[in-house]
Amino acid sequence: HADWWTTVVGRTGADLAPPLYPVLLHAWSALGIADAFVRVPSVVFGVLAVAVMSRLTRPSPPGPLSLYGRGGNKMCVLLPLSRHWQRGLRGEGWLAALIFAVAPTQVYHAQQANVYALVALLSALLFVTAQRAARGERWAWPALAVLAVVSAYTYYGLAFLFAGLAAWLATVAL
């Protein structure tokens, strides 16, 4: 219907929020699913954010650049754990994912029909993709561009995250 688009765009203009999440919710509800299941997309986004978080904190393989420093230094920035974990067990990724999974704010937003679970997922995806771009993986640059556009249509605050990641990528490339 043209009517629902007018409603979404009109409401988005009043709320000063990007339109992607309301459009996703409308598409989800158009499937004929009961109102009780309107929170399912947020639950899915929250679970996916936890999975991506486990990839975010894993050490990079040895190489010229990594998220943790030059020369393949596997020192974890987010969770300074023992060298045993940093060498091969990669436990800090699962520990970070566990902490993220039980964080009260993450659990709350994964249960609500709002945009913040998707914001958490996009944030983690932006970090992981930027790390891959810094390592020279060619697929990461177009993926980073797509994530930037999707982020802009999801939550305006992600522009600050993207700007920070772009600045970090510029310094790593030098």
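Everything that follows concerns the structure shown earlier in this document.
Residues numbered from 1 in each chain as written. Predicted model: local features only at pLDDT ≥ 70, side-chain atom pairs only at ≥ 80, totals over all residues. Heavy atoms only, no water.

Chemist: Help me out: how do you make sense of the nonpolar core in this one?
Modeler: Nonpolar side chains in soluble globular proteins tend to end up buried together. Y21, F45, F100, L118, L121, L126 and L169 are the most contacted members of the largest nonpolar core, which totals 32 residues. Among the elements of the structure, α2 (20-29), α3 (40-56), α5 (91-102), α7 (116-134), α8 (140-152) and α9 (158-173) are those that each provide at least two residues to this core. Looking at this core, the element that brings in the most residues is α7, giving twelve residues. (Core = buried A, V, L, I, M, F, W, Y, C linked by side-chain atoms within 4.5 Å. Buried < 20%, exposed > 50% of the residue type's maximum accessible area, 1.4 Å probe, protein only. Helix = DSSP H or I, 4+ residues; strand = E, 2+ residues; numbered from the N terminus.)

Chemist: Sorry if this is basic, but what is going on with the environment of A143 here?
Modeler: Considering the arrangement of structural elements, one finds A143 in helix α8. With a relative accessible area of 22%, A143 lands in the partly exposed category. Taking the C-alpha atoms as reference, A143 lies 9.6 Å from L125; in sequence the two are 18 residues apart.

Chemist: Quick question: what am I supposed to make of the packing of aromatic side chains here?
Modeler: The geometry of an aromatic ring pair is captured by two quantities: the separation of the ring centres and the angle between the planes. For the structure on display, the rule yields one aromatic pair. Pairing Y116 with Y155 gives two aromatic rings, centres 5.8 Å apart and planes at 75°, and the pair type is edge-to-face. Taken together, the residues span a long stretch of sequence, with Y116 in helix α7 and Y155 in the loop between α8 and α9 at a distance of 39 residues. On the basis of relative accessibility, which here comes to 37%, the residue Y116 falls in the partly exposed class. (Phe/Tyr/Trp six-rings, centres within 6.5 Å; stacked < 30°, edge-to-face > 60°.)

Chemist: Help me understand the environment of V146 in this model?
Modeler: Along the chain, V146 turns up in helix α8. For V146, a relative accessible area of 53% gives the class exposed. Each C-alpha atom, one on V146 and one on L126, is 9.9 Å from the other, the two residues being 20 residues apart in sequence.

Chemist: Help me understand α3 in this model?
Modeler: Residue pairs spaced three or four apart in an α-helix point in one direction, given the helix's 3.6 residues per turn. Here α3 is 17 residues long and its end C-alpha atoms lie 24 Å apart, about the 24 Å a rise of 1.5 Å per residue gives. If you check which residues of α3 are buried, you get P41, S42, F45, G46, A49, V50, V52, M53, S54 and L56. (Expected span 1.5 Å × (residues − 1).)

Chemist: Would you mind going over the packing of α7 against α8 with me for this structure?
Modeler: Between two packed helices, both the angle of their axes relative to each other and the distance between the axes serve to describe the pair. Between α7 and α8, the least distance of the axes is 9 Å, while the angle of their chain directions is 155°. With respect to α8, the element α7 is oriented roughly antiparallel. Two packed elements cross with a definite hand, and for α7 against α8 that hand is left-handed. Taken together, the residues of α8 that come into contact with α7 (itself represented by L122, L125, L126, T129, A130, R132 and A133) are A140, W141, A143, L144, L147, A148, V150 and S151. Class assignment for the residues of the contact of α7 with α8 results in twelve nonpolar, two polar and one charged. (Axes fitted to C-alpha atoms, helices over the stretch in contact; angles between N-to-C directions. Parallel < 35°, antiparallel > 145°, perpendicular 65-115°, else oblique. Left-handed = near helix turned anticlockwise from the far one by under 90°. Contact = heavy atoms within 4.5 Å. Nonpolar A, V, L, I, M, F, W, Y, C, P; charged D, E, K, R; others polar.)

Chemist: I keep staring at the environment of A145 and nothing clicks. Help me out?
Modeler: Here A145 is to be found in helix α8. Residues A145 and L126, spaced 19 residues apart in sequence, show a C-alpha to C-alpha distance of 9.6 Å.

Chemist: Explanation requested: the pattern of salt bridges in the structure shown.
Modeler: For side chains bearing opposite charge, pairing can occur when the charged atoms are close. Counted under the stated rule, the structure contains one salt bridge. In this structure, E137 engages R132 in a salt bridge whose closest nitrogen and oxygen atoms are separated by 3.7 Å. For E137, a relative accessible area of 23% corresponds to the partly exposed category. For R132, a relative accessible area of 16% puts it in the buried group. (Salt bridge = Lys/Arg side-chain N within 4 Å of Asp/Glu carboxyl O.)

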